Amino acid sequence: MNKTWKTGLLLCLVGSHFAMAQSPQLKGYSAATATKQQQLEKQFDQHLEAANIGQTIKSLSAYPHHLGSAQGKRVAEAVLQKFKSYGWDAKLETYHVLFPTPKTRQLELIGPTKYTAKLQEQAFPEDVTSGQAGQLPTYNAWGADGDVTAELVFVNYGLPDDYEQLAKLGIDVKGKIVIAKYGRSWRGIKPKVAYEHGAIGCIIYSDPKDDGFYQGDVYPKGPFKNDQTVQRGSVMDMVIYPGDPLTPGTASTLKAKRLERSEATTILKIPVLPISYGDALPLLSALEGPVVPAEWRGALPITYRTGPGAAKVHLKVESNWDIVPAYNVIATMKGSTYPDQWVIRGNHHDAWVNGADDPISGLAAQLEEAKAIGQLAKAGFRPKRTLVYCAWDGEEPSLLGSTEWVEDHAEELRQKAVAYINSDGNSRGFLQAGGSHALEQFMSEISKDVRDPQTGVSIFERKRAKDAVNAGAAKTQAAILKKDTLTLSALGTGSDYSAFLQHLAVPTLNLGFGGEDEGGDYHSIYDSYDDYVRFKDGTFVYGVALAQTAGRAVLRLANAEVLPFDFSNLGQTVGKYVEEVKALTAQLKEKHSAENALINSKSYQLAADPKLSWIEPTAKPEVPAIDFNALEAAVKSLQQSAANLNSYLNSKPATDKKAIARVNQALFQAERSLLIPEGLPKRTWYKHSIYAPGFYTGYGVKTLPGVREAIEQNNWTEADAQLQTATKRINALAQTLDQITQAK
């Protein structure tokens, strides 16, 4: 019996037991309940106030409030009191986490000339909080303590391809200190790759071509980095696992068993220091060696060279390695119908310094949602599902608060978590939405219902217009303009959704606005209220837009008769990912063949300038034939199962409450089928077979990560094993969806 005919028969047999004619406006709602829900959302909107969002940003960013600081605790307590005043049941959940803060930072050019780096950002009268006490100095958390002196080498952005280019120039960084530009990848990848190539220290700076005077006026006249601005940040190797490095996979409670610091694989092995382009200029000016390729050159008034040579630097970094409290604020509103189904909403509250943009702008919108929902509750509203609103601590040092909470509550979350909705910083511009693709249709509906505050069109229309304008080819532009659904981006890491999505496979959304807020304040002392009102969302209307968007996601998930998951979108998206990895394999095969032909014909040798140093590249490994047939069949099976499930849910009105409860439970737990029990290669904490941060991209996502990265790394044995794993997980999801339609 073919699968389609068999499923159709089953629909006839069980469709009268459970199904639902859904509203054309709201997925998961009947026409009558959709009207009621839309009325509720209008009432919700009436309680959102831009001025109140602005006041929240101003008050919560008034002082530096990093993890472990007295002001950090005060911010957590202030957020707690806000939730309580809104009528929520709120509490602090505290974890005790390792957090390094700087004790010694020293960087000197000791030859051929002398220079001591300032390592200090300048306070300005235009920014009233920029000179406050209690600011964390400029540093990178989770680099090793170290005192090293060595020749300096410029490594461009410090990515694997850059080291390949250096190798062709005959330059080895072993035993050297490297200097890399911020950009093109997450900052923590740069010292990681430097260490893998034998470097003993790493300096990271922001070149003005990427973020400085080349882009526009510098702060305080304009938003871009001045010559002393520095980006703080974590360099923990969190693509292995995020959270407290001493308690991988378990919560950092007071009684937790902890690793020795030397055993923690996510703490780096070399010292790392971020600097301004003002401090970088004397170092780069002293470099000798070949002139760098054109695409490596920045905007400083020098000839960019690779080194090594006479330029020698002394780098000393020491940290205080303390266990500090991380205060998560957890607020709940119990559901009236499904109290054991949780819709979770989160944003962090800790900052590197004052953090008006990152994270308080997002937190202020979240608190405004909670206030509005509290007002609805005072008027008699109760969500059908339990709402859990979270303000996380320790996100900046690598997702500490959220990861420890998820690890602490993992079993309960596996049973109860319907979805997690995240935000972080928020600003002016366009909707930025990523997450689980089974929620793509759901977010499309929401994006068409929220108005852009600057243009009056829907946030969907405005984003579509931007995507079309920015598309390169005319054919692509036309296709985008015809597309009537929102496309969710896939999620890597870099914010508090990681533990939910990639460790437990809780369906996830990450929401925010931006794109019209360029500037260099990120993780600096200038991430302040003064900067925010001048150069970002100065009237706070996009705070309201975020609250409307995320608030609708929360309320619709909470009240839906049938949870609005559409696995057809997921099936189509995974199909595209399979085509991508097939194309990647073909491209590598062609590239390696062409490269080896150039090597074998001595073309590199003959084309090189005999007066310049040049090392001929080594031959590339042969790319074998890879059989994608089973993976493609699994994707087709998933697509068919998803289509059958949609038919099942849409055929007849639902009358059986037990059947509804069973289907809802199965729907929100379905994505768990995509979890790999043993985790990904070399990083078992990450268990999702479809989404993960890249091993060498950090924040950037790798889709079908096990397969894709094995191919990229020419590991064909692992590629074959990961193909089998991905195939098994996708088939498991298809079978899970079939079980929903076939249950009696």
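Criteria and thresholds
- Residues numbered from 1 in each chain as written.
- Predicted model: local features only at pLDDT ≥ 70, side-chain atom pairs only at ≥ 80, totals over all residues.
- Heavy atoms only, no water.
- Helix = DSSP H or I, 4+ residues; strand = E, 2+ residues; numbered from the N terminus.
- Rg over C-alpha atoms; globule rule 2.2 N^0.38 Å.
- Buried < 20%, exposed > 50% of the residue type's maximum accessible area, 1.4 Å probe, protein only.
- Contact = heavy atoms within 4.5 Å.
- Areas by Shrake-Rupley, 256 points an atom, 1.4 Å probe, with all protein chains shown as cover.
- Salt bridge = Lys/Arg side-chain N within 4 Å of Asp/Glu carboxyl O.
- Axes fitted to C-alpha atoms, helices over the stretch in contact; angles between N-to-C directions.
- Parallel < 35°, antiparallel > 145°, perpendicular 65-115°, else oblique.
- Left-handed = near helix turned anticlockwise from the far one by under 90°.
- Nonpolar A, V, L, I, M, F, W, Y, C, P; charged D, E, K, R; others polar.
- Phe/Tyr/Trp six-rings, centres within 6.5 Å; stacked < 30°, edge-to-face > 60°.
- Lys NZ or Arg CZ within 6 Å of the ring centre and 35° of its normal.
- Lys, Arg positive; Asp, Glu negative; His and termini not counted.
- 1 Å grid on protein atoms, 1.4 Å probe; cavity = no way out; pocket = protein on both sides within 12 Å on 5 of 7 lines; lining within 4 Å.
- Points joined across faces, edges and corners; volume = space filled by probe spheres on them.
- Core = buried A, V, L, I, M, F, W, Y, C linked by side-chain atoms within 4.5 Å.
- pLDDT = per-residue confidence, 0-100.
- Polar contact = N/O pair within 3.5 Å; in protein donor to acceptor, adjacent residues only side chain to side chain.
- Pairing = 2+ DSSP bridges.

Points about the overall build of the chain
Scanning the chain for helices and strands turns up 23 helices and 16 strands. What you see for the chain is a C-alpha radius of gyration of 26 Å, in line with the 27 Å of a compact globule of 744 residues. Each principal axis of the C-alpha distribution contributes one length, and for the chain these read about 85 × 65 × 55 Å. For the chain, the residues scored as buried account for 60% of the 744 residues in total. Intrachain contacts of the chain at a sequence separation of at least 6 include 80% that bridge at least 24 residues. Surface accessibility of the chain: about 28,000 Å² in total, with carbon and sulfur atoms responsible for 51%.

Quick look at the pattern of salt bridges
For side chains bearing opposite charge, pairing can occur when the charged atoms are close. Under the counting rule described, the total for this entry stands at 27 salt bridges. Here Asp484 makes a salt bridge to Lys448, at a shortest N to O gap of 3.2 Å. Note that Asp484 is positioned in the loop between helix 14 (474–482) and helix 15 (498–504) and Lys448 in helix 12 (residues 440–449), a separation of 36 residues in sequence. Its relative accessible area of 27% is what places Lys448 among the partly exposed residues. Measuring nitrogen to oxygen at the nearest pair gives 2.8 Å for the salt bridge that ties Glu632 to Lys582. Remark: Lys582 occurs in helix 18 (residues 567–600) and Glu632 occurs in helix 20 (residues 629–650); sequence separation between them is 50 residues. For Lys582, a relative accessible area of 29% translates into the label partly exposed. Salt bridges linked by common partners bring Glu41, Asp45, Asp449, Arg552 and Arg556 together as one network.

Overview of the environment of Ala666
On the secondary structure map, Ala666 appears in helix 21 (residues 657–669). When its relative accessible area of 23% is taken as the criterion, Ala666 is described as partly exposed. For the pair Ala666 and Thr736, spaced 70 residues apart in sequence, the C-alpha to C-alpha distance is 8.0 Å.

Brief notes about unusual backbone geometry
Peptide bonds are, in most cases, trans, and in most cases residues other than glycine have a negative phi. Here Tyr219 and Pro220 are connected by a cis peptide whose omega angle stands at 10 degrees. The topology assignment puts Pro220 in the loop between helix 7 (208–211) and strand 7 (233–234). For the bond running from Asp358 to Pro359, omega is 15 degrees, close enough to zero to count as cis. With respect to the helices, strands and loops of the structure, Pro359 is situated in helix 9 (residues 356–378).

What to know about the packing of helix 9 against helix 17 (residues 541–559)
For the pair helix 9 and helix 17, the least separation of the axes is 8 Å and the interaxial angle reads 55 degrees. Relative to helix 17, the element helix 9 lies oblique. Our pair here, helix 9 against helix 17, has a crossing hand that is right-handed. For the pair helix 9 and helix 17, contact is made by Gly362, Ala365, Glu369 and Ile373 and by Gly543, Leu546, Ala547, Ala550, Gly551, Val554 and Leu555, respectively. Of the residues that constitute the contact of helix 9 with helix 17, the class distribution is seven nonpolar, three polar and one charged.

Focus: the packing of aromatic side chains
Summed over the entire model, instances satisfying the criterion amount to 24 aromatic pairs. Where Phe695 meets Tyr696, the ring centres are 5.2 Å apart and the plane angle is 80 degrees; that geometry is what we call edge-to-face. A relative accessible area of 26% means that Tyr696 is categorised as partly exposed. Taken together, Phe124, Tyr219, Tyr526 and Phe535 form an aromatic cluster joined through their ring pairs. The ring of Phe695 carries the charged tip of Lys192 above its face, separated from the ring centre by 3.5 Å. When the ring centre of Phe460 is taken as origin, the NZ or CZ atom of Lys448, which lies over that ring, is 5.0 Å away.

A closer look at the side chain of Glu718
Tracing the backbone through its elements, the reader meets Glu718 in helix 23 (residues 716–742). No salt bridge is formed by the buried Glu718; the nearest opposite charge belongs to Lys682, separated by 4.0 Å. Sequence-distant contacts of Glu718, defined by excluding residues within four places in its chain, comprise Pro681, Lys682 and Ala710.

Considering the layout of surface pockets
Empty space among the atoms becomes visible once a probe the size of a water molecule is rolled across them. Its volume calculated, the second largest pocket comes out at about 1,200 Å³. As for the second largest pocket, its lining consists of 35 residues, of which Pro160, Asp161, Glu164, Lys591 and Lys620 are closest to the centre. Listed by contribution, the elements that provide at least two residues to the lining of the second largest pocket are helix 5 (160–168), helix 18 and helix 22 (705–712). Counting residues per element, the lining of the second largest pocket draws most heavily on helix 5, at seven residues. The class makeup of the residues in the lining of the second largest pocket is 14 nonpolar, eight polar and 13 charged.

Overview of the nonpolar core
Ranked by internal contacts, the top residues of the largest apolar core, which has 215 residues, are Phe83, Trp88, Ile179, Tyr205, Ile275, Ile373 and Phe567. If we ignore the near neighbours within four places in the chain, the residues touching Ile179 are Leu152, Val153, Phe154, Val155, Asn156, Ile203, Tyr205, Ile275, Ala280, Leu283 and Leu284.

Details of empty space enclosed by the protein
In this structure the tally under the stated criterion is three cavities of 30 Å³ or more. Each pocket or cavity is described by its volume, and for the largest cavity that value is around 70 Å³. Around the largest cavity, the lining residues are Leu680, Pro681, Lys682, Arg683, Phe695, Pro705, Gly706, Glu709, Gln713 and Glu718. Considering each element in turn, the lining of the largest cavity owes the most residues, three residues, to helix 22. Its residues placed into classes, the lining of the largest cavity shows four nonpolar, two polar and four charged.

Side note on the confidence of the model for the chain
Here the chain averages 94 in pLDDT, and 96% of its residues register 70 or above. Across residues 1–17, confidence stays below pLDDT 50; counting only partners more than four residues off in sequence or on other chains, it has 21 contacts.

A short note on the side chain of Asn140
Position of Asn140 relative to the elements: it lies in strand 3 (residues 140–141). Reaching out from Asn140, the side chain makes a polar contact with the side chain of Tyr182 at a distance of 3.5 Å. For Asn140, the side chain forms a polar contact with the main-chain oxygen of Gly233, separated by 3.1 Å.

Notes on the pairing of strand 4 (residues 146–154)
Across six bridges, strand 4 lies against strand 9 (residues 312–333) in antiparallel orientation. Along strand 9, the bridge assignment pairs Thr149 with His314. Where strand 4 meets strand 5 (residues 177–181), three bridges bridge the pair, whose relative direction is parallel. Its bridge partner lying in strand 5, Phe154 is registered against Ile179.

Remarks on the packing of helix 12 against helix 17
One can describe the packing of helix 12 onto helix 17 by two numbers: an axis separation of 10 Å at closest approach and a directional angle of 130 degrees. Classified by the angle between their axes, helix 12 and helix 17 sit oblique to one another. Both helix 12 and helix 17 take part in a crossing whose hand is right-handed. On helix 17, the residues touching Phe442, Met443, Glu445, Ile446 and Asp449 of helix 12 are Thr549, Arg552, Ala553, Arg556 and Leu557. Here the contact of helix 12 with helix 17 is built from residues that sort into five nonpolar, one polar and four charged.

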